[in-house]
Amino acid sequence: MNKMMEKMMSAMMKPEDMPGMMNMMLDKMFSQMSGEDRIQFISTMMPKCLDMIFAELDADAKERVAREFLGRMSRKLEDQL
């Protein structure tokens, strides 16, 4: 995470490199978490992330994101039942 932040701050990271870097960071972070830590992370961070995502969107974009997110999350959650 520190390396990613350093690269971003020094403008060495291209925008197209960000998804790969974020995937690596999330993989590493979740691989080191216990089940309880993962539950706590999702319970705490998911609402915060959604607030940040919706903050600058207009009403149409908010609806589009909400519908797509609900569909994908519903399928993921149903797979666990």
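Residues numbered from 1 in each chain as written. Predicted model: local features only at pLDDT ≥ 70, side-chain atom pairs only at ≥ 80, totals over all residues. Heavy atoms only, no water.

A.B. asks: Tell me about the overall build of the chain, and please be specific about residues and values.
C.D. replies: In terms of helices and strands, the chain carries 4 helices and 0 strands. In the chain, the succession of α and β elements from N to C terminus is α-α-α-α. Within the span of the chain, comprising 81 residues, buried residues form 7% of the whole. When the accessible area of the chain is evaluated, it comes to approximately 7,200 Å², of which 60% is carbon and sulfur surface. (Helix = DSSP H or I, 4+ residues; strand = E, 2+ residues; numbered from the N terminus. Buried < 20%, exposed > 50% of the residue type's maximum accessible area, 1.4 Å probe, protein only. Areas by Shrake-Rupley, 256 points an atom, 1.4 Å probe, with all protein chains shown as cover.)

A.B. asks: Mind laying out the pattern of salt bridges, listing which residues take part and the relevant values?
C.D. replies: Tallied over the entire structure, the rule returns 2 salt bridges. A salt bridge links Glu63 to Arg67, with the shortest nitrogen-to-oxygen separation between them at 2.9 Å. Residue Glu63 and its partner Arg67 are both found in helix α4 (residues 59-80); the two are separated by 4 residues, about one turn of the helix. You can call Glu63 partly exposed: its relative accessible area is 42%. Its relative accessible area of 58% is what places Arg67 among the exposed residues. With a shortest N-O distance of 3.4 Å, Glu68 and Arg72 are connected by a salt bridge. With Glu68 and Arg72 both in helix α4 and 4 residues apart, the pair spans about one turn of that helix. (Salt bridge = Lys/Arg side-chain N within 4 Å of Asp/Glu carboxyl O.)

A.B. asks: Could you give an account of α4, naming the residues involved and the relevant values?
C.D. replies: In this model, α4 (22 residues) spans 31 Å end to end at C-alpha, consistent with the 32 Å of a helix rising 1.5 Å per residue. The buried fraction of α4 amounts to 1 of the 22 residues, a small share that puts the element mostly on the outside. With a side-chain oxygen positioned 3.2 Å from the backbone nitrogen of Asp60, the residue opening α4 is Asp58. (Expected span 1.5 Å × (residues − 1). Polar contact = N/O pair within 3.5 Å; in protein donor to acceptor, adjacent residues only side chain to side chain.)

A.B. asks: Talk me through the packing of helix α3 (residues 35-54) against α4; I want residue IDs and the actual numbers.
C.D. replies: Orientation of α3 relative to α4, taken along the N-to-C sense of each, is 145°, at an axis distance of 10 Å. Judged by residue contacts, Met46, Leu50, Ile53 and Phe54 of α3 engage Lys62, Val65, Ala66 and Phe69 from α4. (Axes fitted to C-alpha atoms, helices over the stretch in contact; angles between N-to-C directions. Contact = heavy atoms within 4.5 Å.)

A.B. asks: Break down the packing of aromatic side chains for me, citing the residues and quoting the values.
C.D. replies: Applying the stated criterion across every chain yields a total of 1 aromatic pair. Relative to Phe41, the ring of Phe30 lies with its centre 5.2 Å away and its plane at 90°, an arrangement referred to as edge-to-face. In this pair, Phe30 sits in helix α2 (residues 18-31) while Phe41 sits in helix α3, placing the two residues 11 residues apart along the sequence. A residue is classified by how much of its surface remains accessible, and Phe30, at 22% relative accessible area, is partly exposed. (Phe/Tyr/Trp six-rings, centres within 6.5 Å; stacked < 30°, edge-to-face > 60°.)

These values are about where atoms sit, not about what they do.
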